[in-house]
Amino acid sequence: MEKMLVCIQCPQGCKLVVSYSGEQVTVTGNKCPRGAGYAKQELINPCRTLTTTVKTAFVDFPLLPVRTLGEIPLKKVFGAMGEISRLLVKKRLRPGDLVLENLSGTHVPLIATDDMTMGEQNVKGSEICG
Amino acid sequence: MAKRLKLVAEELARLGLTAVYPREWRRSIVLEGEADSWQQYIDAGYAAAGKGYKGVVNDVRVRGLEAPREYLPPVQGGALEGISYDAVIIGGGVIGCAVARELSRWDLRVALLEKEDDVAKQTSSRNNGMIHPGLAAPTGSKKLIYNIRGNRMYTQAAAELGFDFDRCGSVVMLEKSLYQLALPIVRVKALQKGVDGLDILSRRQVAQREPNATSLQHGGISLPSTGVVAPYKVVVAYAENAVENGAAVHLNTAVLGFEMEQGRIVGVRTNQGLIHAGAVINAAGVWADKIAGYADDRFFTIHGRKGTIAIIDKALGPTQKGVLALPRLGVKTHTKGGGLNPTGEGNLLMGPTAIEVPQREDWSTTAEELEFIISRHLGLNRQLRPRDIITYFAGVRACTFDEDFIIEPSEHVPNLVHAAGIQSPGLASAPAIAQDVAAMAVEILKTTREVKPNPAFNPKRRLAPELAKLSLEERGEAIKKNPAYGQIVCRCETISAGEIIDAIHSPVPAASLDAVKRRVRAGMGRCQGGFCTPALLEILARETGKAPSEITKGRPGSQLLVGETKTPQGEGSGHERS
Amino acid sequence: MSGAKWDVAVIGAGPAGLAAAIAADKAGARVCLVERESRPGGILKQCIHDGFGLVRYSQKLSGPEYAWRDIQQIKERGIKLFTDTFLLGLERGKERFALTLQNSKQAVFPIAAKALVAATGCRERTARQVFIHGQRPAGVYTAGTVQRLINIGGHLPGKNCVILGSGDIGLIMARRLTLEGAKVLGVYEIKPEPSGLTRNIVQCLEDYNIPLHLSTTVSKVHGSERTEGVSICRVDEKLRPLPGSEEYVPCDTLVLSVGLIPENDMLLPLGTEIDPRTGGPVVDQLLATTLAGLYSCGNALHVNDLVDYVSESGEIAGSAAARSALGKQNCPRHVPVIPRGDIHYVVPQKLDIAAGGQGIIYFRAARTLADASVEISAGGQALQQKKYPAVRPPEMERIVLDLALLPPGTKELSLNLRG
């Protein structure tokens, strides 16, 4: 069996040809090893980095951009979005700070990608809770 | 009597409109029956015009065509139930608002009813902002009288009300050198009409005055009394000054009928309740015939004439001094065909076109119309390219078949005044029309009571700071007093948060995105609101105490958002971290 | 009235401006950075998706993370950053640029700078600029506005969305709207091929079963209050609507991703020459414009597809501006770079051959070509050649040229792209 894929690991977008029979998978068309890994994963269980936002308790920074530290199964994305939409960040976080340790049972953490402490001193009367 | 009716019948027959039947009603003519197309309907109307009747009522049905749809605000309630006013003005366009301001000179309870969510929503904002010199208005018409007078009044109106008025002049260029022979006659005509100034220009003089003007011109005439304004700002200025002097402006208020007693209007039925009125002024624009009908005084029919206008980027504004036009003879239209003019806000605009349309509130644009404008006007200024167009829009003029203004007290309803059929040069004529209409209303009220001047009347509108007009020092002082003037929200037009907040809390408050735009231009620049829409929305929500999802672009129902994205389960519970 | 004096002033604290300020500081100049928004980072603040920094950091960062790295450097280096500050006026004096700034705290105040870096980014083309007709109901937004509404404000602009244009921002917003609960009915592209990166077609559209319709455009928006639907139609190879192909798609939102326009309005009064093809100033490889002391970079210079190259151009402009301000620049000697063959545009448009070192040349193809090659030549002599399996107009190409290769007496350089 053969399948055509476009690698999404980088902007080059290599056109991959994946041949497989049973356990045996061969990948051609990739310009780097990441392409082969991507193609194999794509056949078994496509995984993606999820980027979105989380509501915060701060008026000057109402939404915090976040991303998964690593990829999660594509099929779990909507479940994860549901969990994320119920979160409220009550502490001023910085890029890399943990928002959730285990997003939707994937064991992949969710991290902050923006700096909520920036410009904080400019905001009068914003309560810092948490 | 029967002779002119016969004339109309003959003309209809000549046009092949065999299913159209004319009859006389009071001093007017009524057309009934059927036509096959909108063009036939229009032809029938004009066939009946100019035959000596007071008005043309065109009730001809067009087969397969739906009746004009009218917007009615989706608001019901009794907010105005039982309120009594001396004068009720129907319509918040330039005429209605200017009349409200003129009536506020008197010690009267004045109300202006507007069915839209803001003043200046229809024809009064959807035009080219031209203050015509009066040359195009026909001799003997009301258009001519009011245009000449109105044009002269603009200088004072602008000074009192604080809107920008640029008497930039116009140059009407000639397509062929042969036409120069007619110019002395045009000069005499202008003199007879009372046009303030006219100069005949050679080809070289036109090029000197407007170096970027098309090389296809063969001289022309210069009309120094031509001016331009931002029409919506004129309307807002009149409305605000009226409110400052005690008038009430009721938005989202549509007139649904009149309560009549012995031929007089005693009540105005609206979606917000029944209002008692001493005198009623019909300034209802494209629906003025319908309003007249509520009082059984429908002696004219309004038909819509759509005009499309394209706006050119501000960067090109300095390439032209005044209005440029190059009329093409032999092209039959009901306007002189539009032109290319400064907007009074630094841009240029092209148009308008003139197309007869059955729908009076359909302001959609079409590719054909825009292409026509581009082919017709873009080349008048050699610096312009199609990519310089930042936006375009359309408006619908309220025309009668007699093509003249109707400005008079009703012949049949003693307390009703009509200001109807106001099309080009309606904006230019507005200050003069308002003066006369207000005087007519005062005369009506004087028959039943004493009317004294309003002792508190102040002709000068209070102006919020407009930062673009301040020197750097004044600007600095304004920011020190109110730091919100320091924060720029609309980057294309350099409009501050402070100016936007002022507009939201002005005498006729801006409650929507477009209403803000109409007052302070935020979102009107080259990015067309791409950058500032989110910020404007948040400021509007904050200042009006509404949720962002309630904020509209304009009318109710034009909400900008459908909701919020996140729904945390309240603070202190659920999944939140630390 | 000249106010604080700086060697270099950088206008705009997006990725280009941040990189320019850091580079100017590294080169020893006293530099200040002027930003009209309340936080630095520019458009990256709202680009919360990942994929930024593969070239510069070999990592897939989100936009805010990418910007944060430079913002940290700005802080560490103590570079003066004016936020919430608007450039009100700009004039070229004899020795310095005179800038008039405005903010809420300092009101109106002047500063002066020997060199100026314009890093003002770009704006989006609007519905009317792609000649969409109809009334003007609510619910018609550019993709960047939607991105700002969702990612910064937390607002959902619509439930049933049609996207016109397959540029990367449009594709990213198709996924983003879907994730936040809206339905994206389809992406329509007037051209016969997508404008965005292939990987975004896969991970933004295919992952979520969003259809992509090529050679199809939106001609009309329906509705008078809120958008009720759009008319779509197929187009022929000259992008003209095909009669009879019109279809009605009910939707409440139209999102436009139909191109970006460099913002250089503040430069117009200075009389800098603008390249009509790029929409940005005409520059040499140091990103010096035709006005001495004025430099341009990032998306204000020309629209880039990768932020990494935006930063790169910021670094070039920032360090060149610093050298110019500090009087370390040689007197320039310019030769034009002439685009030939299937080149849509080339930046820089000229080379300062007195500067020496390397010159980075960016170009875009005018059309899609397979097995393409580009050749740089001077006086009929080929200097450098590069082969590509394919070149596409949406993908910017980059060549590094060693100026030492130029033969003496070079009058012009030509860049020739062939399929």
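Residues numbered from 1 in each chain as written. Chains lettered and ligands numbered in written order. Predicted model: local features only at pLDDT ≥ 70, side-chain atom pairs only at ≥ 80, totals over all residues. Heavy atoms only, no water.

Engineer: Mind laying out the overall build of chain B, listing which residues take part and the relevant values?
Structural biologist: Check the secondary structure of chain B and you find 14 helices and 27 strands. On C-alpha atoms alone, chain B measures out to a radius of gyration of 25 Å, which is about the 25 Å that the 2.2 N^0.38 rule sets for 578 residues. For chain B, long-range pairs separated by at least 24 residues make up 73% of all intrachain contacts whose partners lie at least 6 apart in sequence. If you sum the accessible surface of chain B, you get close to 22,300 Å²; carbon and sulfur atoms cover 54% of it. Side chains of chain B carry 70 positive and 63 negative charges; the gap between the two charge centres is 6 Å. (Helix = DSSP H or I, 4+ residues; strand = E, 2+ residues; numbered from the N terminus. Rg over C-alpha atoms; globule rule 2.2 N^0.38 Å. Contact = heavy atoms within 4.5 Å. Areas by Shrake-Rupley, 256 points an atom, 1.4 Å probe, with all protein chains shown as cover. Lys, Arg positive; Asp, Glu negative; His and termini not counted. Charge placed at Lys NZ, Arg CZ, Asp CG, Glu CD.)

Engineer: How would you explain the domain arrangement of chain B if you had to name every residue and give the values?
Structural biologist: All names here are of chain B. We note that the domain assignment places domain 1 (2-62), domain 2 (84-123 + 232-302 + 403-429), domain 3 (307-316 + 330-392) and domain 4 (467-550) within chain B. The C-alpha-based centres of domain 1 and domain 2 are spaced at 29 Å. Domain 1 puts 12 residues into the contact, and the matching count from domain 2 is 10 residues. Viewed at the interface, domain 2 and domain 1 are joined by six salt bridges. Of the charged contacts in the structure, one is a salt bridge between Arg 26 and Asp 296, with a shortest N-O distance of 3.5 Å. The interface formed by domain 1 and domain 2 includes eight residue pairs in polar contact (both at pLDDT 80 or more). Contributions of two or more residues to the side of domain 1 that touches domain 2 are made by helix H2 (38-48) and strand E3 (56-58). It is E3 that contributes the most residues to the side of domain 1 that touches domain 2, three residues altogether. (Domains from an automatic or database assignment. Salt bridge = Lys/Arg side-chain N within 4 Å of Asp/Glu carboxyl O. Polar contact = N/O pair within 3.5 Å; in protein donor to acceptor, adjacent residues only side chain to side chain.)

Engineer: I'd like a rundown of the packing of aromatic side chains, residues and numbers included.
Structural biologist: A complete count under the given rule lists 13 aromatic pairs over all chains for this structure. Aromatic pair Phe 82 of chain C and Phe 109 of chain C: ring centres 5.6 Å apart, planes at 45°, arrangement tilted. In this pair, Phe 82 of chain C is assigned in strand E5 (residues 80-82) and Phe 109 of chain C in strand E8 (residues 107-118), connecting sequence segments 27 residues apart. In this pair, the class of Phe 82 of chain C matches that of Phe 109 of chain C, namely buried. Grouping aromatic residues by their ring pairs yields a cluster made of Trp 38, Tyr 41, Tyr 46 and Phe 401 of chain B. Sitting over the ring of Tyr 57 of chain C, Arg 69 of chain C keeps its end group 4.6 Å from the ring centre. (Phe/Tyr/Trp six-rings, centres within 6.5 Å; stacked < 30°, edge-to-face > 60°. Buried < 20%, exposed > 50% of the residue type's maximum accessible area, 1.4 Å probe, protein only. Lys NZ or Arg CZ within 6 Å of the ring centre and 35° of its normal.)

Engineer: Quick rundown of the pattern of salt bridges? Include the residues and the values.
Structural biologist: For the structure on display, the rule yields 71 salt bridges over all chains. Put simply, Arg 449 of chain B and Asp 86 of chain B hold a salt bridge, and the shortest N to O gap is 2.9 Å. Separated by 363 residues along the polypeptide, Arg 449 of chain B in the loop between helix H10 (426-446) and helix H11 (472-481) and Asp 86 of chain B in strand E5 (residues 84-90) bring together distant segments of the chain. Two residues, Arg 364 of chain C and Asp 305 of chain C, come together in a salt bridge whose shortest N-O distance is 2.7 Å. Of this pair, Arg 364 of chain C sits in strand E25 (residues 358-365) while Asp 305 of chain C sits in the loop between strand E21 (294-296) and helix H7 (307-325); the two residues are 59 residues apart in sequence, bridging distant segments of the chain. Classification of Arg 364 of chain C by relative accessible area gives buried; the value is 9%. What you see here is one network of salt bridges that share partners, running through Asp 313 and Arg 526 of chain B together with Arg 36, Arg 123, Glu 263 and Asp 265 of chain C.

Engineer: Tell me about the sheet that holds strand E8 (residues 165-166) of chain B, and name the residues and values.
Structural biologist: All names here are of chain B. Pairing is antiparallel across the open sheet formed by three strands, whose spatial order is E7-E12-E8. Strands at the two margins of the open sheet, each flanked by one partner only, are strand E7 (130-131) and E8. The pairing of E7 with strand E12 (residues 227-229) spans two bridges and is antiparallel. Directly across from Met 130, in E12, lies its bridge partner Val 228. (Pairing = 2+ DSSP bridges.)

Engineer: Account for the sheet that holds strand E24 (residues 350-352) of chain C, naming residues and giving values.
Structural biologist: Residues and elements named next belong to chain C. Strand order in the open sheet formed by five strands is E24-E22-E29-E26-E27, and the pairing between neighbours is mixed. Single-partner strands in this sheet number two, and they are E24 and strand E27 (381-391). Neighbour-to-neighbour, the strand axes of the sheet open up by a mean angle of 20°, direction not taken into account. In this structure, strand E22 (residues 334-341) lies alongside strand E29 (residues 413-418), joined through five bridges in parallel fashion. Directly across from Gly 341, in E29, lies its bridge partner Leu 417. (Axes fitted to C-alpha atoms, helices over the stretch in contact; angles between N-to-C directions.)

Engineer: Tell me what's going on with the interface of chain C and chain A, and back it up with residues and numbers.
Structural biologist: In this complex, chain C contributes 33 residues to the contact, which on the side of chain A involves 31 residues. Taking both partners together, chain C and chain A bury about 2,800 Å²; carbon and sulfur atoms supply 58% of that area. Summed over the three residues of chain C that lose the most area to chain A, namely Arg 39, Trp 68 and Leu 179 of chain C, the buried surface amounts to 21% of that side. Counting across the chain C and chain A interface gives three salt bridges. For the salt bridge of Arg 48 of chain A with Asp 207 of chain C, the shortest nitrogen-to-oxygen distance reads 2.4 Å. Applying the counting criterion to the chain C and chain A interface returns eight residue pairs in polar contact (both at pLDDT 80 or more). Of all elements in the fold, only strand E4 (61-62), helix H3 (63-76), helix H4 (143-151), helix H5 (168-179) and helix H6 (198-205) of chain C reach the threshold of two or more residues within the side of chain C that touches chain A. Top contributing element to the side of chain C that touches chain A by residue count: H3 of chain C, with six residues. (Buried area = accessible area lost by both parts, 1.4 Å probe.)

Engineer: Quick rundown of the domain arrangement of chain C? Include the residues and the values.
Structural biologist: Quite often, the size of an interface is put as the accessible area lost when its parts meet. Residue and element names in this part refer to chain C. Looking at the assigned domains, one finds that chain C contains domain 1 (1-124 + 260-329), domain 2 (126-258) and domain 3 (331-419). Centre-to-centre separation of domain 1 and domain 2, based on C-alpha positions: 32 Å. Across the contact, 10 residues belong to domain 1 and 16 residues belong to domain 2. Summing both sides of the interface, domain 1 and domain 2 together bury roughly 1,100 Å²; the carbon and sulfur share of this comes to 50%. Of all residues in domain 1, Gln 46, His 49 and Glu 124 bury the most surface against domain 2, accounting for 54% of the area lost on that side. On inspection of domain 1 and its partner domain 2, the count reaches zero salt bridges.

Engineer: Hey, could you go over helix H7 (residues 231-244) of chain B for me, with residue numbers and the actual values?
Structural biologist: All names here are of chain B. For H7, spanning 14 residues, the distance from its first C-alpha to its last is 20 Å, which sits close to the expected 20 Å at 1.5 Å a residue. Taken across its 14 residues, H7 has 12 buried, putting it largely inside the fold. Every buried residue belonging to H7 is among Pro 231, Tyr 232, Lys 233, Val 234, Val 235, Val 236, Ala 237, Tyr 238, Ala 239, Glu 240, Asn 241 and Ala 242, and all of these are buried. Turning to H7, the residues buried within the fold contact helix H3 (94-103), helix H4 (142-161), E12, H10 and helix H13 (513-520). Note on H7: the residue one or two positions beyond its end, Gly 246, has a positive phi of about 105°. (Expected span 1.5 Å × (residues − 1).)

Engineer: Pulling in residues and values, what's your account of the pairing of strand E16 (residues 273-282) of chain B?
Structural biologist: Along any regular strand the residues' side chains alternate between the sheet's two faces. All names here are of chain B. Within E16, seven of the 10 residues are buried, which leaves the element mostly enclosed by the surrounding structure. Where E5 lies against E16, six bridges are found, and the strand directions are parallel. Bridge pairing in E16 places Val 88 opposite Val 280. Both strand E15 (residues 264-270) and E16 contribute to a ladder of four bridges, which runs antiparallel. Bridge pairing in E16 links Thr 270 to Gly 273. The antiparallel hairpin formed by E15 and E16 contains two residues in its connecting segment. Judged from the three bridges that link them, E16 and strand E24 (residues 416-420) form a sheet pairing that is parallel.

Engineer: Tell me about the interface of chain C and chain B, residues and numbers included.
Structural biologist: On the chain B side, the residues contacting the 46 residues of chain C number 54 residues. Between chain C and chain B lies a buried interface of about 4,100 Å² when both sides are counted; carbon and sulfur atoms form 55% of it. Between chain C and chain B we count five salt bridges in total. Residue Asp 265 of chain C pairs with Arg 526 of chain B through a salt bridge whose shortest N-O separation is 3.1 Å. On the surface where chain C and chain B come into contact, there are 26 residue pairs in polar contact (both at pLDDT 80 or more). Sorting elements by how many residues they give to the side of chain C that touches chain B places H4 of chain C first, with four residues. Classifying every residue of the side of chain C that touches chain B by side-chain character gives 16 nonpolar, 16 polar and 14 charged. Pairing of strand E27 (residues 563-564) of chain B with strand E12 (residues 155-156) of chain C, which is carried by two bridges, proceeds in the antiparallel orientation. Within E12 of chain C, the position partnered with Glu 564 of chain B by the bridge is His 155 of chain C. (Nonpolar A, V, L, I, M, F, W, Y, C, P; charged D, E, K, R; others polar.)

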